[in-house]
Amino acid sequence: MLLAMLAVGCGDSRDDFIGPRVKDACDAAWPVCNRVAGCILGSESYAEGRFPGRGQFIVQIPEASTVKVSFYLEEVSAAGQETVVLFHEEGCRARTRQAADGRAVLDQMEEFGEFTREADVTGVGDHLIEFESDMQAKYVVKVDVTPLRVR
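Read on for a plain summary of the structure. (Residues numbered from 1 in each chain as written. Predicted model: local features only at pLDDT ≥ 70, side-chain atom pairs only at ≥ 80, totals over all residues. Heavy atoms only, no water.)

## Looking at the pairing of strand β9 (residues 125-147)
The sheet contact formed by strand β4 (residues 45-61) and β9 spans 14 bridges and is antiparallel. Paired with Arg-54 across the two strands is Glu-132, which belongs to β9. Relative to β9, strand β5 (residues 65-78) runs antiparallel, the two being bridged by eleven bridges. Bridge pairing in β9 links Ser-65 to Pro-147. (Pairing = 2+ DSSP bridges. Helix = DSSP H or I, 4+ residues; strand = E, 2+ residues; numbered from the N terminus.)

## Brief notes about helix α3 (residues 102-112)
Considered for burial, the residues of α3 that qualify are Gly-102, Val-105, Leu-106, Gln-108 and Met-109. An end-on view of α3 places all buried positions within 160° of arc, on one side of the element. Across from the buried face of α3, at angles greater than 90 degrees, the exposed residues are Glu-111 and Phe-112. For α3, the capping residue at the N-terminal end is Asp-101, with a side-chain oxygen 3.1 Å from the backbone nitrogen of Arg-103. (Buried < 20%, exposed > 50% of the residue type's maximum accessible area, 1.4 Å probe, protein only. Arc of directions from axis to C-beta. Polar contact = N/O pair within 3.5 Å; in protein donor to acceptor, adjacent residues only side chain to side chain.)

## Side note on unusual backbone geometry
Residue Phe-51 is joined to Pro-52 through a cis peptide bond whose omega torsion reads 5°. Here Pro-52 is to be found in strand β4. A positive phi angle is found at Asn-34, which is not glycine, with a value near 60°. Assignment of secondary structure puts Asn-34 in the loop between β2 (30-32) and β3 (35-37).

## Things to note about the nonpolar core
Grouped together as the largest cluster of nonpolar side chains are 34 residues, with contacts concentrated most on Phe-57, Val-67, Val-69, Phe-71, Leu-73 and Val-141. For this core, the element with the most residues is β9, which contributes eight residues. Setting aside residues no more than four positions away along its own chain, Phe-71 makes contact with Phe-17, Phe-51, Val-85, Met-109, Glu-114, Phe-115, Phe-131, Tyr-139, Val-140 and Val-141. Ranked by size, the runner-up nonpolar core spans five residues in total, among them Val-32, Cys-33, Ala-37 and Leu-128. (Core = buried A, V, L, I, M, F, W, Y, C linked by side-chain atoms within 4.5 Å. Contact = heavy atoms within 4.5 Å.)

## Focus on the environment of Ala-64
Its place among the elements puts Ala-64 in the loop between β4 and β5. A relative accessible area of 26% places Ala-64 in the partly exposed class. Each C-alpha atom of the pair Ala-64 and Val-124 lies 6.8 Å from the other, and the pair is 60 residues apart in sequence. When residues no more than four places from it in sequence are discounted, the contact partners of Ala-64 are Val-121, Thr-122, Pro-147 and Leu-148.

## Section: the pattern of salt bridges
This model, assessed by the stated rule, comprises 14 salt bridges. Residue Glu-130 is joined to Arg-35 by a salt bridge in which the shortest nitrogen-to-oxygen separation is 2.7 Å. Residue Glu-130 is located in strand β9, and its partner Arg-35 is located in strand β3; the two are separated by 95 residues in the primary sequence. The network of salt bridges with shared partners includes Arg-14, Lys-23, Glu-48 and Glu-74. (Salt bridge = Lys/Arg side-chain N within 4 Å of Asp/Glu carboxyl O.)

## So, the environment of Gln-108
In this structure, Gln-108 sits in helix α3. The sequence separation of Gln-108 and Asp-134 amounts to 26 residues, and the corresponding C-alpha distance is 17 Å. Those residues in contact with Gln-108 that sit more than four places away from it in its chain are Gly-113, Glu-114, Phe-115, Thr-116 and Arg-117.

Right, here's the structure in full:
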């Protein structure tokens, strides 16, 4: 199992995952849901960090859409117990929780080259996305938004 974990992140797939997106340092202070998020991510940006830990960012939604959060994992040394992504409606009036156990996260990463979670949001405006994991790894996170009308 350790060999499989070490193999995650090899090759040029990190560059393929990022594509033409630009790194956001997520060091700003954007108000959302009576909190502050460090960045607004969209189709042209990504962020990096390290697990274990938590993070958050804003996604701006112009119409009811599916929000897909994708992680590329590197230097994985422990799978952890659980990885959670919370998708908040605008104003944090409701939320959707998507979770996976540590082994499922690594299995998805090995099979598809990324770990993803998605949820439909209906409100227009700024949506807070939060994530947390107890795995030990570096991550790259990006978000894709697809209007529900084109599904």
